[in-house]
Amino acid sequence: MSDSKLRDLSLDFSVKVIKLCDGIKGHYSLTNQLERSATSIGANIHEANYAQSRSDFAAKLQISLKECYETEYWLELFYKSELTDSATAKELFTICGNIRRLLVASVNTVKGAGK
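Overview of the structure. Note that the structure is a prediction, hence the values are computed from the model and not measured.

1. Description of the overall build of the protein
Consideration 1: A tally of helices and strands in the protein yields 4 helices and 0 strands.
Consideration 2: The order of α-helices and β-strands along the protein, N terminus first, is α-α-α-α.
Consideration 3: Taken over the C-alpha trace, the protein has a radius of gyration of 15 Å; the compact-globule value for 115 residues is 13 Å, and the two agree within 12%.
Consideration 4: For the protein, the spread of C-alpha atoms along the three principal axes comes to 50 × 20 × 20 Å.
Consideration 5: Counting only residues that meet the buried cut, the protein has 38% of its 115 residues in that class.
Consideration 6: Partitioning the intrachain contacts of the protein with sequence separation of at least 6 by distance along the chain shows that 73% fall at a separation of at least 24.
Consideration 7: Looking at the protein as shown, the accessible area adds up to about 6700 Å², and 52% of this sits on carbon and sulfur atoms.
Consideration 8: In the protein, which carries 15 positive and 14 negative side-chain charges, the distance between the mean positions of the two groups comes to 6 Å.

Definitions and cut-offs
- Residue indices begin from 1 for each chain and proceed along its sequence in written order.
- The predicted origin of the model limits local features to residues at a pLDDT of at least 70 and limits the giving and counting of side-chain atom pairs to 80 or more, whereas totals for whole chains, interfaces and linings rest on all residues.
- Based on all heavy atoms of the structure, the side-chain values leave hydrogens and waters out of the count.
- Each helix is a run of H or I in the DSSP string that is no shorter than four residues. Each strand is a run of E no shorter than two, and both are numbered from the N terminus.
- For this measure, only C-alpha atoms enter the radius of gyration; the expected value for a globule follows 2.2 Å times N^0.38, where N is the number of residues.
- Three exposure classes are used, based on accessible area relative to the maximum for each residue type with a 1.4 Å probe and protein chains only: buried under 20%, partly exposed in between, and exposed over 50%.
- In what follows, a contact means two residues having at least one pair of non-hydrogen atoms within 4.5 Å.
- A 1.4 Å probe and the Shrake-Rupley method give the accessible areas. Residues count as covered only by the protein chains that appear here.
- Neither His nor the chain ends contribute to the count of charged residues, in which Lys and Arg are positive and Asp and Glu negative.
- In this description, the location of a charge corresponds to atom NZ of lysine, CZ of arginine, CG of aspartate or CD of glutamate.

Rendered as structure tokens:
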């Protein structure tokens, strides 16, 4: 998958998370955390395209990867706390997992190419 498709996927994911959080009332601190981690994934992928070096590029992708893991935690918490339904949680878990796998492959490729 090209970087552009990864950026598009992460942007679409961010939009879905924002819409989810917009519909949840009374849990501002939790929705804020989920929105921040989910939108940070795409922001760092986008920023990686303007990296100053290969190591800077890899670092930005690794930050995105860490944010993916954090987002998966928040999604699990939202599901177990019944702040979201099963279908929405499953869809978001799937998309986040796809982004995570693409980031892992990208980081491994960048690190391998530097040797």
